[in-house]
Amino acid sequence: MNTYEWLEIIFFFVVLLVLIKPLGTFMARVFGGERTFLSPILVPFEDRLYRICGVDKDEEMDWKGYAVAAALFNLVLFVALFAMLMLQQFLPLNPQKFPAFTWQLALNTAVSFVTNTNWQAYSGESAASYFTQMVGFAVHNFVSAATGIAIAIAVIRGFSRRRTSLLGNFWVDMTRCTLYILLPISLIAAVFLVSQGSIQNFSAYKTVPLVQAVTYDKPKLDGKGDVIKDAKGNPVTESVTVKYVTIPMGPVASQEAIKELGTNGGGFFNANSAHPFENPTPLSHMVEILLILLIPGSLTYTFGVMVGNPRQGWTILGVMLLLLIVSFGVLQWAETSGNPLVARLGVSGANMEGKDIRFGLAATNLFEVATTGTSCGAVAAMHDSMTPLGGMVPLSLILLGEIVFGGVGSGLYTMLAFAVIAVFVSGLMIGRTPEYLGKKIEVREMWMSIVTILTAGVVVLILSGIAMITTSATASMANPGAHGLSEVLYAVASMANNNGSAFAGLNANISFYNICGSLAMLLGRYVPAVAVLAMAGSLAGKKYVPPSLGTLPTDKVPFALWLTLVILIVGALTFFPALSLGPIVEQLTMAS
């Protein structure tokens, strides 16, 4: 890293840390029902919305009611988006006359956006109309993010409340999250992106002449779309000269803002945040990384405020930062070291394949660890082009459960499940009943924490194994051997952990991945959410236990290090064999 890159990275983290406390405090006030500077504008609209929907904002729910409300809300959203995708050709704002999705692709896409995964087995600029992008995808970017944050707030109340079964009102939490947090920040971010060059229009696609015509050889296809081959089995090609190119248009900036802020990740274009219309400048690049990490990071301080001990929030944030910075360092080292096989050809230096020279290596790597540590899934580089160990970094961050910083809401409640396990194990080691934030951790809390943490991992291992013995799934692999396994493992992990990014090199738009991927996304999103709500309901009903000399301090550096170790041990025990067969074998093969 040169001096400019060091200053860029340091300045970024300084800005992030400066913003965490004020935004975290603001969110605590919003979800606590306190007055904020936006209240004079939004309270009348909020109250009117409750009256229209028949919601009593003073009526709270237990964990079961909260879970049912969230599930029903998401079910309605799924049905609406699925219908929209199946009827796309009849809906307005479709200047390119895109047809409807197939039912398998519509199922996968609807599940993807409802679960905050935003996995895309399609190219946005060649499959989705403006109506689908705005009314379908962008709206779901808001409400799926709000759902995750609302569940996290309910879990925090489980830790902070005593002798009650009530965790708040899902409809109120989701509404306030959207109105007071997501909409204002997204509006500011969208205007900023437009100022940087991101487009925002409803124009039809533009066909423009190239400065210089391009000639290349293209394989000939028969009437069925298959490649024609000669007697020796080689593809028959024809020379093609391209003089014009079609440039996609659309309302990009508005979707880009909430895509990053809500850790959604579904790009308007197939190239996602590597596309200049989504990510125009180095400044927009760093701001988009900031948007990805801003709410997950700030929620840790919200947690500290709401449980009455901000140091607890800083401790959780410290663990997230440690894992993020170490991951960035490993990725930077791996990509800076380059590929020895390419070096033998006389091309030495850092591995810049699949990366944008506008952003540079360090800023690109920071984007990739941010987007895979959270559940964002937006990408500014081609992960398939990374070195084996470099590609293992984003894969490992996803496999850890995306807690660095994690998705909006889901990252925090998954990290709290890890904290419960860490407290429980430490209690066994010293022979005391474990306590966390004044609540005894017993069998029920442990079971729910285990379900929260291991559900996605179990789904990943099972479905990856099934994919390896399914003919259609293996036929979709563009690369054989260890790299092909990495592509499949990454794809399934991305869906089960609600990330949405892809390793590339894998045709995911087949029935196997569309249907099994939908199942993975549903299980990865809702099983942990229900489990952690059940844990919160149990904790809320417990009495407060004052700390004693034998109580493990959970707001100090030793516990932060212990929590980090527990996270790494769980991740290593679950996924090391799979990683050994994929990127580690590939690295050893490359080095040999």
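Bear in mind the structure is a predicted one, so any value in this text is a computation, not a measurement.

Undergrad: I'd like a rundown of the overall build of the protein, residues and numbers included.
TA: Summing up its helical and strand segments, the protein has 19 helices and four strands in all. Over its C-alpha trace the protein gives a radius of gyration of 24 Å, about what one expects of a compact globule, namely 25 Å for 592 residues. Viewed in the frame of its principal axes, the protein has a C-alpha envelope of about 80 × 60 × 50 Å. A burial count over the protein gives 56% of its 592 residues as buried. Partitioning the intrachain contacts of the protein with sequence separation of at least 6 by distance along the chain shows that 79% fall at a separation of at least 24. For the protein, the computed accessible surface area is about 24100 Å², with 67% contributed by carbon and sulfur atoms. Where the 33 positive side-chain charges of the protein centre and where its 33 negative ones centre are 7 Å apart.

Undergrad: Go over the packing of aromatic side chains with me, naming the residues and quoting the values.
TA: Within a pair of aromatic rings, the relevant descriptors are the distance that separates the centres and the angle that separates the planes. The final tally for this structure, using the stated rule, is 20 aromatic pairs. Centroid distance F512 to Y513: 5.1 Å. Interplanar angle 85 degrees. Geometry classified as edge-to-face. By relative accessible area, which is 2% here, Y513 ends up buried. The cationic tip of R162 hangs over the ring face of Y544; the distance from NZ or CZ to the ring centre is 4.2 Å.

Undergrad: Kindly report on the environment of C516, identifying the contributing residues and their values.
TA: On the secondary structure map, C516 appears in helix α18 (residues 511-540). On the accessibility criterion, C516 (21% relative accessible area) is partly exposed. C516 sits 357 residues away from F159 along the chain, and the two C-alpha atoms are 35 Å apart. Those residues in contact with C516 that sit more than four places away from it in its chain are L463 and S511.

Undergrad: I'd like a rundown of the domain arrangement of the protein, residues and numbers included.
TA: Structurally, the protein comprises domain 1 (12-204 + 250-302) and domain 2 (206-247). With centres defined by C-alpha atoms, the gap from domain 1 to domain 2 works out at 40 Å.

Undergrad: Give me the side chain of N498: which residues, what numbers.
TA: Along the chain, the position of N498 falls in the loop between α17 (481-496) and α18. Overall, the relative accessible area of 7% leaves N498 in the buried class. At 3.3 Å, the side chain of N498 forms a polar contact with the backbone oxygen of M521. N498 has contacts with T115, N116, T117, S375, E402, M521, G524 and R525, leaving out every residue within four places of it along the chain.

Undergrad: I'd love a proper account of the nonpolar core, names of residues and values included.
TA: Counting residues in each nonpolar core, the largest one holds 118 residues, and the members touching the most others are F159, L182, I295, Y436 and L563. In terms of residue count, helix α6 (residues 130-160) provides more of this core than any other element does, 13 residues in total. Counting 47 residues, the second largest nonpolar core, distinct from the first, contains A110, A128, A334 and L399.

Undergrad: How would you sum up α6? Please name residues and give values.
TA: Taking 1.5 Å per residue as the helical rise, α6 with its 31 residues ought to reach 45 Å, and the 44 Å between its terminal C-alpha atoms agrees with that figure. Remark: the principal bend of α6, roughly 25 degrees, maps to H140. When you tally the buried positions in α6, you get 27 out of 31 residues, the bulk of the element.

Undergrad: Would you mind going over the packing of α6 against helix α7 (residues 170-196) in detail, with residue names and values included?
TA: Viewed as axis vectors pointing N to C, α6 and α7 meet at an angle of 125 degrees, and their least axial separation amounts to 8 Å. Regarding the angle of α6 to α7, the classification is oblique. Note that α6 runs across α7; the crossing there is right-handed. The residues of α7 that touch α6, namely those facing F142, A145, A146, T147, I149, A150, I153 and R157, are F170, D173, M174, C177, T178, L182, L183 and S186. Looking at the contact of α6 with α7 residue by residue, the class counts come to eleven nonpolar, three polar and two charged.

Undergrad: Which residues make up the packing of α17 against α18, and what are the values?
TA: Helices that pack against each other are described as a pair by the angle of their axes relative to one another and the distance between those axes. Contact geometry for α17 and α18: axes closest at 7 Å, N-to-C directions at 45 degrees. Viewed along their axes, α17 and α18 adopt a mutual orientation that is oblique. Here V488, M495 and A496 of α17 come into contact with α18, specifically with Y513, G517, A520, M521 and G524. Residues belonging to the contact of α17 with α18 are distributed by class as follows: six nonpolar, two polar and no charged.

Undergrad: Run through a nonpolar patch on the surface, naming residues and quoting values.
TA: Together, M1, W6, I10, V14, V18 and L19 make up an exposed nonpolar region whose accessible area comes to about 550 Å². By the element assignment, W6 lies in helix α1 (residues 3-31).

Undergrad: Outline the pattern of salt bridges, supporting the account with residue identities and numerical values.
TA: Counted according to the given criterion, the structure contains 13 salt bridges. A salt bridge links E34 to R29; the shortest N-O distance between them is 3.1 Å. The exposure class assigned to E34 is partly exposed, which follows from its relative accessible area of 44%. Judged by its relative accessible area of 33%, R29 falls in the partly exposed class.

Undergrad: Summarise the state of the cysteines; cite the residues concerned and give the values.
TA: Summed over the entire model, instances satisfying the criterion amount to zero disulfides. Looking at the unpaired C376, the closest cysteine sulfur is the one in C177, lying at 16 Å. Judged by relative accessible area, C376 falls into the buried class, the value being 0%.

Undergrad: Could you give an account of α18, with specific residues and numbers?
TA: Taking 1.5 Å of rise per residue, 30 residues should cover 44 Å, and α18 covers 43 Å from first to last C-alpha, within 8% of that figure. Most of α18 is tucked away, with 21 of its 30 residues classed as buried.

Undergrad: Describe the confidence of the model for the protein, and please don't skip the residues or the numbers.
TA: For the protein, the mean per-residue pLDDT works out to 92, and 100% of the residues sit at or above 70. Between the elements of the protein, mean pLDDT differs from a low of 81, seen in helix α11 (residues 340-343), to a high of 97, seen in α7.

Undergrad: Report on the environment of S375, specifying residues and quantitative values.
TA: Relative to the assigned elements, S375 resides in the loop between α12 (360-373) and α13 (388-399). Judged by its relative accessible area of 3%, S375 falls in the buried class. When the C-alpha atoms of S375 and K220 are compared, they prove to be 41 Å apart, with 155 residues separating the residues in sequence. Beyond its immediate chain neighbours, meaning those up to four positions away, S375 contacts N116, T263, N264, E402, G406, G407, S410, N497, N498 and N499.

Undergrad: Residues and numbers for unusual backbone geometry, please.
TA: In the segment running from V404 into F405, the intervening peptide bond is cis, with an omega of 5 degrees. When you line up the elements, F405 lands in the loop between α13 and α14 (410-430). We note that T263 has phi near 45 degrees; this positive angle belongs to a residue other than glycine. With respect to the helices and strands, T263 occurs in the loop between α8 (252-261) and α9 (282-306). For T263, a relative accessible area of 0% translates into the label buried.

Criteria and thresholds
- Residues numbered from 1 in each chain as written.
- Predicted model: local features only at pLDDT ≥ 70, side-chain atom pairs only at ≥ 80, totals over all residues.
- Heavy atoms only, no water.
- Helix = DSSP H or I, 4+ residues; strand = E, 2+ residues; numbered from the N terminus.
- Rg over C-alpha atoms; globule rule 2.2 N^0.38 Å.
- Buried < 20%, exposed > 50% of the residue type's maximum accessible area, 1.4 Å probe, protein only.
- Contact = heavy atoms within 4.5 Å.
- Areas by Shrake-Rupley, 256 points an atom, 1.4 Å probe, with all protein chains shown as cover.
- Lys, Arg positive; Asp, Glu negative; His and termini not counted.
- Charge placed at Lys NZ, Arg CZ, Asp CG, Glu CD.
- Phe/Tyr/Trp six-rings, centres within 6.5 Å; stacked < 30°, edge-to-face > 60°.
- Lys NZ or Arg CZ within 6 Å of the ring centre and 35° of its normal.
- Domains from an automatic or database assignment.
- Polar contact = N/O pair within 3.5 Å; in protein donor to acceptor, adjacent residues only side chain to side chain.
- Core = buried A, V, L, I, M, F, W, Y, C linked by side-chain atoms within 4.5 Å.
- Expected span 1.5 Å × (residues − 1).
- Bend = angle between axes of the 7 residues up to and from the residue.
- Axes fitted to C-alpha atoms, helices over the stretch in contact; angles between N-to-C directions.
- Parallel < 35°, antiparallel > 145°, perpendicular 65-115°, else oblique.
- Left-handed = near helix turned anticlockwise from the far one by under 90°.
- Nonpolar A, V, L, I, M, F, W, Y, C, P; charged D, E, K, R; others polar.
- Patch = residues over 30% accessible without salt bridge, like charges linked within 9 Å, V, L, I, M, F, W, Y side chains within 5 Å.
- Salt bridge = Lys/Arg side-chain N within 4 Å of Asp/Glu carboxyl O.
- Disulfide = S-S within 2.5 Å.
- pLDDT = per-residue confidence, 0-100.

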